[in-house]
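Each chain is listed here by its residues.
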Amino acid sequence: MAAAGGEELDSDDGSEELVLTPLQLIRSLEQAWLNEKFAPELLESKPEIIECVVEQLDHMEANLKRAKKGDLKVSVHRMEIERIRYVLSSYLRCRLVKIEKFFPHVLEKEKSRAKGEPSILSPEEFAFAKEYMANTETYLKNVALKHMPPNLQKVALLKSVPKPNLDSFVFLRVLKRQENILVEPETDEQREYTIDLEEGSQHLIRYKTIAPLVASGAVQLI
């Protein structure tokens, strides 16, 4: 995948490249940001988008340096650059917060990932998560566990750290029409039922029900 200015994004199979305009690239970043912001779990990493956005920002900065001083367009473009930087930093910060909050579950999910399945962590995030887990284990051992009886000096972080709440409800906007989406009952008296999601419609629904649609880009969390 390539954006104007020479940025390239590989497709999933690595055999082709898709062309994105700078506007489409920024929209892809904003979609990833909103989904990450409102999803209860850590979503798939988007390193190609991040890399292309950084290159696009550098390209925009270079254009500003060549612009005439006093040109009103300079102020407008400067504001847009700062807006994009905010979205990018907010997206990355949101992911780091989730990694810190759910680190044992994130690492376990990455460890059990099937071959060919997209990673939820970038290489940098994976290194951060492993270091965070090691530091947490060291801290617990030095501060508390070494003072406890030998049979209590181990802690299972997978059991001790809460999992993401996939049963929480989220707002979404449908980008592509979906049919026969199975919805779990809210009470014992209810039964499972299916719904159709019309393009452009908005819904409040359990995250677990539509998680695959978020991953595929069929819906946008809002």
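- The name an unreviewed UniProt entry gives the protein chain is DNA replication complex GINS protein SLD5, with Chrysolophus pictus as the organism.
- Heading Sequence similarities (unreviewed entry) of the UniProt record for the protein chain holds this comment: "Belongs to the GINS4/SLD5 family."
- Under the heading Function (unreviewed entry), UniProt records this for the protein chain: "Required for initiation of chromosomal DNA replication. Core component of CDC45-MCM-GINS (CMG) helicase, the molecular machine that unwinds template DNA during replication, and around which the replisome is built."

1. Quick notes on helix α4 (residues 123-143)
Reasoning step 1: Between the first and last C-alpha of α4 there are 30 Å, a value that for 21 residues agrees with the 30 Å anticipated at 1.5 Å per step.
Reasoning step 2: Of all the residues in α4, the buried ones are E125, A129 and T136. Down the axis of α4, the buried side of the element spans an arc of 45°, and every buried residue falls inside it. Projecting away from the buried face of α4 at angles above 90 degrees are the exposed residues P123, E124, E131 and K141.
Reasoning step 3: Where α4 is buried, its residues contact α3 (72-111).

2. Details of the packing of helix α1 (residues 22-38) against helix α2 (residues 47-66)
Reasoning step 1: Running from N to C, α1 and α2 point in directions that differ by 130°, and their axes come no closer than 10 Å. The angle between the axes of α1 and α2 places the two elements in the oblique class. With respect to the hand of their crossing, α1 and α2 are arranged in left-handed fashion. Contacts from P22, L25, S28 and L29 in α1 reach I49, I50, C52, V53 and Q56 in α2.
Reasoning step 2: When its residues are assigned to classes, the contact of α1 with α2 shows seven nonpolar, two polar and no charged.

3. As for a negative patch on the surface
Reasoning step 1: On the surface, a cluster of negative charge is contributed by E48, E51, E55 and D58.
Reasoning step 2: Of the residues examined, D58 reaches a relative accessible area of 47% and is grouped as partly exposed.

4. Some remarks on the packing of α3 against α4
Reasoning step 1: Between α3 and α4, the least distance of the axes is 9 Å, while the angle of their chain directions is 90°. In this view, α3 runs roughly perpendicular relative to α4, as classed from their interaxial angle. On the side of α3, the interface is formed by R95, L96, I99, E100, F103, P104, L107 and E110, while α4 contributes E125, F126, F128, A129, K130, Y132, M133 and T136.
Reasoning step 2: Of the residues that constitute the contact of α3 with α4, the class distribution is 10 nonpolar, one polar and five charged.

5. Here's the deal with the layout of surface pockets
Reasoning step 1: Put simply, the second largest pocket is a space of about 230 Å³.
Reasoning step 2: Lining the second largest pocket are E41, L42, H105, V106, E108, K109, I120, L158, K163, P164 and L166.
Reasoning step 3: The element best represented in the lining of the second largest pocket is α3, accounting for four residues.
Reasoning step 4: For the lining of the second largest pocket, the per-class residue count stands at six nonpolar, one polar and four charged.

6. Concerning the side chain of R95
Reasoning step 1: Within the secondary structure, R95 is located in helix α3.
Reasoning step 2: Of the polar contacts made by the side chain of R95, one reaches the backbone oxygen of I120; its length is 2.5 Å.
Reasoning step 3: Not counting residues within four places of it along the chain, the set of residues in contact with R95 comprises E36, L42, L43, E44, S45, I120, L121 and E125.

7. A word on the pattern of salt bridges
Reasoning step 1: Counting across every chain of the model gives 15 salt bridges.
Reasoning step 2: Across the salt bridge formed by R113 and E110, the nearest N and O atoms sit 3.1 Å from each other.
Reasoning step 3: Residue class for E110 comes out buried when judged on its relative accessible area of 12%.
Reasoning step 4: Across the salt bridge formed by E184 and K208, the nearest N and O atoms sit 3.7 Å from each other. Of this pair, E184 sits in the loop between β5 (178-183) and β6 (193-197) while K208 is found in helix α6 (residues 207-216), placing the two residues 24 residues apart along the sequence.
Reasoning step 5: By relative accessible area, which is 36% here, K208 ends up partly exposed.
Reasoning step 6: Here the salt bridges share partners, and the residues they tie into one network are E36, R95, K98 and E125.

Cut-off values and rules
- Residues numbered from 1 in each chain as written.
- Predicted model: local features only at pLDDT ≥ 70, side-chain atom pairs only at ≥ 80, totals over all residues.
- Heavy atoms only, no water.
- UniProt positions renumbered as here; feature names shortened; annotations may be inferred.
- Helix = DSSP H or I, 4+ residues; strand = E, 2+ residues; numbered from the N terminus.
- Expected span 1.5 Å × (residues − 1).
- Buried < 20%, exposed > 50% of the residue type's maximum accessible area, 1.4 Å probe, protein only.
- Arc of directions from axis to C-beta.
- Contact = heavy atoms within 4.5 Å.
- Axes fitted to C-alpha atoms, helices over the stretch in contact; angles between N-to-C directions.
- Parallel < 35°, antiparallel > 145°, perpendicular 65-115°, else oblique.
- Left-handed = near helix turned anticlockwise from the far one by under 90°.
- Nonpolar A, V, L, I, M, F, W, Y, C, P; charged D, E, K, R; others polar.
- Patch = residues over 30% accessible without salt bridge, like charges linked within 9 Å, V, L, I, M, F, W, Y side chains within 5 Å.
- Areas by Shrake-Rupley, 256 points an atom, 1.4 Å probe, with all protein chains shown as cover.
- Salt bridge = Lys/Arg side-chain N within 4 Å of Asp/Glu carboxyl O.
- Lys, Arg positive; Asp, Glu negative; His and termini not counted.
- Charge placed at Lys NZ, Arg CZ, Asp CG, Glu CD.
- 1 Å grid on protein atoms, 1.4 Å probe; cavity = no way out; pocket = protein on both sides within 12 Å on 5 of 7 lines; lining within 4 Å.
- Points joined across faces, edges and corners; volume = space filled by probe spheres on them.
- Polar contact = N/O pair within 3.5 Å; in protein donor to acceptor, adjacent residues only side chain to side chain.

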